[in-house]
Every structure is written in C-alpha cells, then in structure tokens.
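# What the coordinates show
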Amino acid sequence: MDDVLAIASDVRRMRTAGSAVLFIPWARRDTKSVSPSAIAGLRDIALVESPEKSGTLKGVEASPDHIRAAMLAQQRILLVTDATQVAKPVTAERDKMKTAVLKKYFTPVADEQVHGRRVTVYQRLAAPH
C-alpha cells in the first residue's frame, strides 16, 4: 500500500527550520503535490523549475552536479523515498548522485517507514580536522 498522506504526516513531524528536502525517485515529489503543507518551509534543493512553470506534474530537477553542490551546502536533509521492502534500484543519474552524496557526507539520524513510503533525516558529517 502506497500512502502519500501518511508519509506527509511524518515529514511534517520530522522537519526543522532550515532543512532541505530531496525525493528519490523524483516521482516521490508527489508527496509535495498531495500535501504541500507538509513540505512547507523545506527547500526542495533539486528542483530548478516548479511544476507550474514547467507545465509538468512534478517539475524539473537540476543536473547531477548542481544537485551535488546544493546538497553539500546543507546541514540537514529530509529524504522522501520508497520503503525498503518496495524500493526499486536507483537508476537515474540524478538519484545516483543524491544517494552517493548522502552516503559519503551525511549520516541518518531519524527514519520512518509507513505504508510503502519512507522519510529519512540526514545530518551532515563533521568535516575532518
């Protein structure tokens, strides 16, 4: 069961001021479409053109390099994705970049899975001294 509203509730509860949000795959941006108030206050750092401006349902994402740079400027990122038991392998270059940057430069600090969706909060690792 894929429940967009249930995960939106978790996003609302787990968000903090100044956090960014990412979606893997980009189609999980439907959470933002269905429940914009849950994402309000979070910066969608991969999005370069809104659904309204692009004439699409989910907007247009930036290039992988732009996404990487935007991610590295963040201290905290909420990732909205599919729950482990239903997630498909990441194939899009943008999503591969998101995954690689999260793995190398961030650590998960909170994770919730409900009805086919997942939200994970990542905190930036301290820079080596």
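Here the structure is a predicted model, which means the values were calculated and not measured. (Residues numbered from 1 in each chain as written. Predicted model: local features only at pLDDT ≥ 70, side-chain atom pairs only at ≥ 80, totals over all residues. Heavy atoms only, no water.)

## Brief notes about the sheet that holds strand β5 (residues 76-82)
One key point about sheets: their strands pair by backbone hydrogen bonds, in either a parallel or an antiparallel sense. Reading across from one edge, β2-β1-β5-β7-β6 is the order of the five strands in this open sheet, with mixed pairing throughout. A strand with exactly one partner marks an edge of an open sheet, and here the two such strands are β2 (43-44) and β6 (106-114). Summarising the sheet, strand β1 (residues 20-23) and β5 pair through four bridges and their orientation is parallel. When the sheet's bridge partners are listed, L22 is paired in β5 with L79. (Pairing = 2+ DSSP bridges. Helix = DSSP H or I, 4+ residues; strand = E, 2+ residues; numbered from the N terminus.)

## Some remarks on the packing of aromatic side chains
Inspection of the entire model under this criterion finds zero aromatic pairs. The side chain of R124 reaches across the aromatic face of F106, ending 5.7 Å from its centre. (Phe/Tyr/Trp six-rings, centres within 6.5 Å; stacked < 30°, edge-to-face > 60°. Lys NZ or Arg CZ within 6 Å of the ring centre and 35° of its normal.)

## Considerations on helix α6 (residues 93-105)
The end-to-end C-alpha separation of α6 is 18 Å, in line with the 18 Å expected for 13 residues at 1.5 Å each. For α6, every residue scored as buried is listed here: D95, M97, K98, V101 and L102. Down the axis of α6, the buried side of the element spans an arc of 155°, and every buried residue falls inside it. Every exposed residue of α6 that faces more than 90 degrees away from the buried side is listed here: E93, K103 and K104. (Expected span 1.5 Å × (residues − 1). Buried < 20%, exposed > 50% of the residue type's maximum accessible area, 1.4 Å probe, protein only. Arc of directions from axis to C-beta.)

## Quick notes on the confidence of the model for the chain
When pLDDT is averaged along the chain, the result is 89; 95% of the residues meet or exceed 70. Taking the mean pLDDT of every element in the chain, the minimum, 81, falls on helix α2 (residues 30-34) and the maximum, 97, on helix α5 (residues 64-72). (pLDDT = per-residue confidence, 0-100.)

## Considerations on the pattern of salt bridges
Scanning all chains against the criterion turns up 12 salt bridges. Between R13 and E112 there is a salt bridge, with the nearest N and O atoms lying 3.9 Å from each other. Of this pair, R13 sits in helix α1 (residues 4-14) while E112 is found in strand β6, placing the two residues 99 residues apart along the sequence. Given the relative accessible area of 31%, E112 is considered partly exposed. It is possible to trace a salt-bridge network through shared partners that takes in R29, K32, D44, E61, D95 and K98. (Salt bridge = Lys/Arg side-chain N within 4 Å of Asp/Glu carboxyl O.)

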